[in-house]
Amino acid sequence: MIMTHKRIYTLLIMLLPLLATAQNYAILLPNNAGEVEQKAAAEFSYFAREAMGKDIPIAANTAYNDSTIYISIGKTPLAAEVYNKYSPQLKWDGFAICSKGGNLFFVGNEGKALLYAVYHYWEKYGGARMFSADELMIPHRTALAMVPEGVADVQNPSFQYRETLHVLPNISQRYADFHHLHNRKDMERSWGMFVHTYQHLVPEKKYFGSHPEWFAQVNGRRVRDGQLCLSNEAVFEELCKNLQKEIDKNPAATIWSVSQNDNINACTCPECLKLDSIYGGQSGTMLWFTNKVAERFPDKTISMLAYQHTRNAPKNIKPRGNVNIMLCSIESQRQEAIATNDAEKGFVKDVEDWTALTDNIFLWDYVVQFRNYMDPFPNLHVLQPNLQFFHRHGIKMMFEQGSGDNVTENHVYRTYLLSKLMWDVNVDVDSLRTDFLTHYYGEGIAPLVATYYDTMQHALVQSGQVLDIYGYPIHAKNGYLSQGMIEYYKTLFHRMYMQTLDTVVVNRIRLLELPLDFAILDMSMSNLSTELSYFTTQDGKKSLRPEMMAMAERFVADCKKHNVKKLEEIDYPPARFLSNIRNYVSKSMEENLAEGKPITCATKWSNAYDVGGPSALVDGNFGIVNYNYNWLGFWGEHLDATIDLQELKDIHEISLDFFSYPLSWIFVPEKVEFYISTDSINWEKVGEDTYRNEEVLAVAKIEKMSSPRFEKKARYVRVFAQSILQNPSWHRGYGNPSWIFTDEILVK
């Protein structure tokens, strides 16, 4: 029988997998293989065993035979010609994969390039996917896929350093390596100290008492919680002495951060102001100081922050060759790409100005909602254009700050997307998303998740709302978290659950849904509508909606199940969130003799956070852990309020809550006095409560202050809250007016 060419070709295609399976495979390593080559070989063998049920041995670099397909990893003798051809094309930890003579070659020059190449091969050609620390998918196959001869797969990263500070790359080294990411372990190997290090190199607890002149002068006074006096030569010498001690402990570290503390209290002494005038501002003075340190340590890279008050580039000075600039985008908006947002022109100019001075820049970007980790945060659409912008300007080191070791809103996909974008800023995001959603949720659910993402992002853009990394769910109440949008999202999740009975997929959907529950629970404490409320009101009587408390309890239970440890950057565990909800509900359900009654205030309140003036203290709306809503603020003022109950009432207690968040200059009054009267002329003091504010900055909480229990009749109630008026001496805002915030005066 004579076969046509077409039939022969078809038969060969059908037989190729069988022929390849019949072949022997062997891994070749260089004779002096290092840790990376050995790990790459071990991982290649592991993936092959999982995919084909076949162990691939490591062969000696001696005689080769035609019956074996060799997988050459690194500079083996067999790979000499391939290395000569492709090695010059590689940048940083880039790699090349190619076939030649029926064998498979992995080429890489630096770092973990060869390990990355192996993972890339199994992902692209073997269909493997890794979505989390314990979710590695390796499809079954009968033979190794071969890269077509003459067509090398050459991969060079967009950035030399690529880190996203999320939980997955840090709990799983394989995850980090599979996605070509650096993680905290990599950072710790290179960095001896990492950001905000003035406080460690010249600690105020050790030096302020004996050398206050070493610390920043603010408003004519040296302050503890500020920057250093950089013009003081003694500061320079002491810092260098202490830095040398740290270097001696860790001589292998190559990069040392000598950088400002996390506040804006720069020194304003005459000598520092003179340097500011010479070098274009506080960033110039800091660079002048950093250059001096870098000159003292020429074999180390000294890193400084360009952050907040030092973000703009200096004048009349350039960074030394061993100075790294860590440029931060903390103020940037997230609803629109940096390059096209008019509000970001200042940051764009800062990037342009710094990159004109140096190419040694570490770009610190922010990609989650730090004030509320589980708040829906639709910023996915700006990640690619922002990274493309940084890449166009020659940024080499890219750090995307996420939520550290905490599970947060949509963290699985956000981490995955960022990893791919930092390797290749021009990756096809639409195809990438479809591939991820299909593999992770399944074909029937993937379009619904995509619709959830797209609808929320579209609603954000259409609303014109600013998306800020320190926002709250209630900020989106008229946009992507309006009542109508929330109801639509609920229908999408209902349809997702209807598509599957697979427990793994159901749990993935639930983790995606948790932020929506958080938003509903949080906004409902502002009593926004019939649906966004913990209560129903009928015939003037308030009743608790039991389904809302059930949602809150389920939310906290599921947070524990999914390892959600805290709900904001500093510390806000889900259990405390539930406690705050219960406290809010309890207060709201209590009968308050003062609710709706006339109130006057003898001291001046602030309209910066407008809640309607003193009437907010008797309107029945209680505050939550967010001073932007339902809290009446007094800036540099005491609170002196009088309520007319309009008739004599039996009274046994007076109380009110105060919000505390010293980082935002909000303190609890040091004393509250409680008075009653029958005629508003003659007053009887029925008690007082005192409070001592702790020297803690970034802890938000609600503190109750109340009178002792008493039994009296009165018509008028007066509350006098004695504010500390100014930020205390230990505070970074010392000397400036401080706030008190209260929400409701309860009279029982």
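Structure: above.
First, a word on scope: everything that follows refers to the structure included in this document.

1. Points about the overall build of the chain
So, step 1. Across its full length, the chain holds 21 helices and 28 strands.
So, step 2. Seen through its C-alpha atoms, the chain measures out along the principal axes to roughly 115 × 70 × 40 Å.
So, step 3. In the chain, which comprises 748 residues, the proportion classed as buried is 57%.
So, step 4. Taking the intrachain contacts of the chain between residues at least 6 apart in sequence as the baseline, contacts between residues at least 24 apart amount to 74%.
So, step 5. As displayed, the chain has an accessible area near 31500 Å², and 50% of this comes from carbon and sulfur atoms.
So, step 6. Charge centroids of the chain, computed over 74 positive and 88 negative side chains, lie 3 Å from each other.

2. Section: the side chain of Ser332
So, step 1. Relative to the assigned elements, Ser332 resides in the loop between β15 (323–328) and α13 (345–357).
So, step 2. With near-sequence residues (within four places) excluded, Ser332 lies in contact with Ile338, Glu344 and Phe347.

3. As for the pairing of strand β17 (residues 397–401)
So, step 1. Among the five residues in β17, five count as buried, and that is most of the element.
So, step 2. The two faces of β17 match: Met397, Phe399 and Gln401 on one face and Met398 and Glu400 on the other face are all buried.
So, step 3. Looking at chain direction, strand β9 (residues 161–165) and β17 are connected through five bridges and run parallel. Within the sheet, the bridge partner assigned to Tyr161 lies in β17 and is Met397.

4. Comments concerning the sheet that holds strand β20 (residues 599–601)
So, step 1. Pairing within the open sheet is antiparallel, and its five strands lie in the order β20-β22-β27-β24-β25. Bordering the open sheet on either side are β20 and β25 (684–690), each of which pairs with just one other strand. Neighbouring strand axes in the sheet, compared pairwise and without regard to direction, differ in orientation by 20° on average.
So, step 2. In terms of strand pairing, strand β24 (residues 671–677) meets β25 through six bridges, oriented antiparallel. Of the residues in β25, the one forming a bridge with Phe674 is Gly687.

5. Here's the deal with the sheet that holds β15
So, step 1. Judged by pairing direction, the sheet is parallel, and its seven strands sit side by side in the order β9-β17-β16-β15-β14-β13-β10 without closing on themselves. At either margin of the open sheet sits one strand with a lone partner, and together these are β9 and β10 (191–193). In this sheet, neighbouring strand axes are inclined to one another by 20° on average, regardless of whether the strands run parallel or antiparallel.
So, step 2. In this sheet, β17 lies alongside strand β16 (residues 361–366) in parallel orientation, the contact comprising five bridges. Among the inter-strand pairings, Trp364 is bridged to a residue of β17, identified as Phe399.
So, step 3. Against the sheet, helix α15 (residues 411–423) touches β9 and β17, its axis set at about 165° to β9.

6. Some thoughts on the packing of aromatic side chains
So, step 1. Throughout the structure, instances matching the rule amount to 58 aromatic pairs.
So, step 2. Taking the centre distance of 5.8 Å and the plane angle of 35° together, the rings of Phe362 and Phe399 count as tilted. Within this pair, whereas Phe362 is found in strand β16, its partner Phe399 is found in strand β17, the two being separated by 37 residues in sequence.
So, step 3. A relative accessible area of 0% means that Phe362 is categorised as buried.
So, step 4. What links up through ring pairs into an aromatic cluster is the set Phe131, Tyr413, Tyr416, Phe436, Tyr440, Tyr441, Tyr452, Tyr453, Tyr489 and Phe493.
So, step 5. Lying over the aromatic face of Phe236, Lys292 brings its terminal NZ or CZ to 4.3 Å of the ring centre.

7. Comments concerning helix α11 (residues 270–279)
Structurally, the α-helix is built with 3.6 residues per turn, so residues lying three or four positions apart point the same way.
So, step 1. Here α11 has its buried residues at Cys272, Leu275, Asp276 and Tyr279. An end-on view of α11 places all buried positions within 105° of arc, on one side of the element. Away from its buried face by more than 90 degrees, α11 exposes Pro270, Lys274 and Ser277.
So, step 2. Check the buried side of α11 and you find it contacts α12 (282–296).

8. A closer look at the pairing of β24
So, step 1. Counting buried residues along β24, six of its seven residues qualify, which places the element largely inside the surrounding structure.
So, step 2. Hairpin connection between β24 and β25: a loop of six residues separates the two successive antiparallel strands, and Ser680 in this loop has a positive phi of roughly 65°.
So, step 3. As paired strands, β24 and strand β27 (residues 712–722) are joined by seven bridges and run antiparallel to one another. In the sheet register, Tyr675 faces β27, and the bridge partner there is Arg718.

9. Thoughts on the environment of Phe159
So, step 1. By the element assignment, Phe159 lies in the loop between β8 (153–155) and β9.
So, step 2. With relative accessibility at 0%, the residue Phe159 sits in the buried group.
So, step 3. Taking the C-alpha atoms as reference, Phe159 lies 37 Å from Pro574; in sequence the two are 415 residues apart.
So, step 4. Apart from residues no more than four positions distant in its own chain, Phe159 is found in contact with Trp92, Leu387, Phe390, His391, Ile395, Lys396, Met398, Met422 and Val425.

10. Focus: unusual backbone geometry
So, step 1. The residue His196 is not glycine, and still its phi comes out positive at about 55°.
So, step 2. Along the chain, His196 turns up in the loop between β10 and α8 (198–201).
So, step 3. Of the residues examined, His196 reaches a relative accessible area of 18% and is grouped as buried.

11. Quick word on the packing of helix α19 (residues 503–524) against helix α21 (residues 574–589)
So, step 1. Put simply, α19 and α21 touch, their axes get as near as 11 Å, and they point 30° apart. α21 is crossed by α19, and the crossing has left-handed handedness. Along the contact surface, α19 presents Phe518, Leu521, Asp522 and Ser524, while α21 presents Phe577, Ile581 and Tyr584.
So, step 2. Its residues placed into classes, the contact of α19 with α21 shows five nonpolar, one polar and one charged.

12. Things to note about the nonpolar core
So, step 1. Phe44, Ile73 and Phe106 are the most contacted members of the largest nonpolar core, which totals 204 residues.
So, step 2. By residue number, the principal contributor to this core is α19, which donates eleven residues.
So, step 3. Once residues lying within four places of it in the same chain are set aside, the contact partners of Phe44 are Ile27, Ile56, Ile71, Ile73, Leu104, Phe106, Val118, Tyr121, Trp122 and Leu144.

13. As for helix α10 (residues 233–249)
So, step 1. Compared with an ideal rise of 1.5 Å per residue, which puts 17 residues at 24 Å, α10 spans 25 Å between its outermost C-alpha atoms and is within 8% of the ideal.
So, step 2. Along α10, the residues classified as buried are Val235, Phe236, Glu238, Leu239, Cys240, Asn242, Leu243 and Ile247.
So, step 3. Close packing links the buried residues of α10 with β10, α8, α9 (204–207), β13 (255–257), α12 and β14 (301–306).
So, step 4. Taking the backbone nitrogen of Ala234 as reference, a side-chain oxygen 2.9 Å away marks Asn232 as the first, capping residue of α10.

14. Here's the deal with the environment of Leu104
So, step 1. Tracing the backbone through its elements, the reader meets Leu104 in strand β5 (residues 103–108).
So, step 2. Taking C-alpha positions, Leu104 is 17 Å from Lys39, a pair spaced 65 residues apart along the chain.
So, step 3. If we skip the residues at most four places from it in the chain, Leu104 touches Phe44, Tyr70, Ile71, Ser72, Ile97, Cys98, Ser99, Tyr121, Ala145, Met146 and Val147.

Basis of the calculations
Residues numbered from 1 in each chain as written. Predicted model: local features only at pLDDT ≥ 70, side-chain atom pairs only at ≥ 80, totals over all residues. Heavy atoms only, no water. Helix = DSSP H or I, 4+ residues; strand = E, 2+ residues; numbered from the N terminus. Buried < 20%, exposed > 50% of the residue type's maximum accessible area, 1.4 Å probe, protein only. Contact = heavy atoms within 4.5 Å. Areas by Shrake-Rupley, 256 points an atom, 1.4 Å probe, with all protein chains shown as cover. Lys, Arg positive; Asp, Glu negative; His and termini not counted. Charge placed at Lys NZ, Arg CZ, Asp CG, Glu CD. Pairing = 2+ DSSP bridges. Axes fitted to C-alpha atoms, helices over the stretch in contact; angles between N-to-C directions. Phe/Tyr/Trp six-rings, centres within 6.5 Å; stacked < 30°, edge-to-face > 60°. Lys NZ or Arg CZ within 6 Å of the ring centre and 35° of its normal. Arc of directions from axis to C-beta. Left-handed = near helix turned anticlockwise from the far one by under 90°. Nonpolar A, V, L, I, M, F, W, Y, C, P; charged D, E, K, R; others polar. Core = buried A, V, L, I, M, F, W, Y, C linked by side-chain atoms within 4.5 Å. Expected span 1.5 Å × (residues − 1). Polar contact = N/O pair within 3.5 Å; in protein donor to acceptor, adjacent residues only side chain to side chain.

Functional significance is not addressed by these values, which are geometric in nature.
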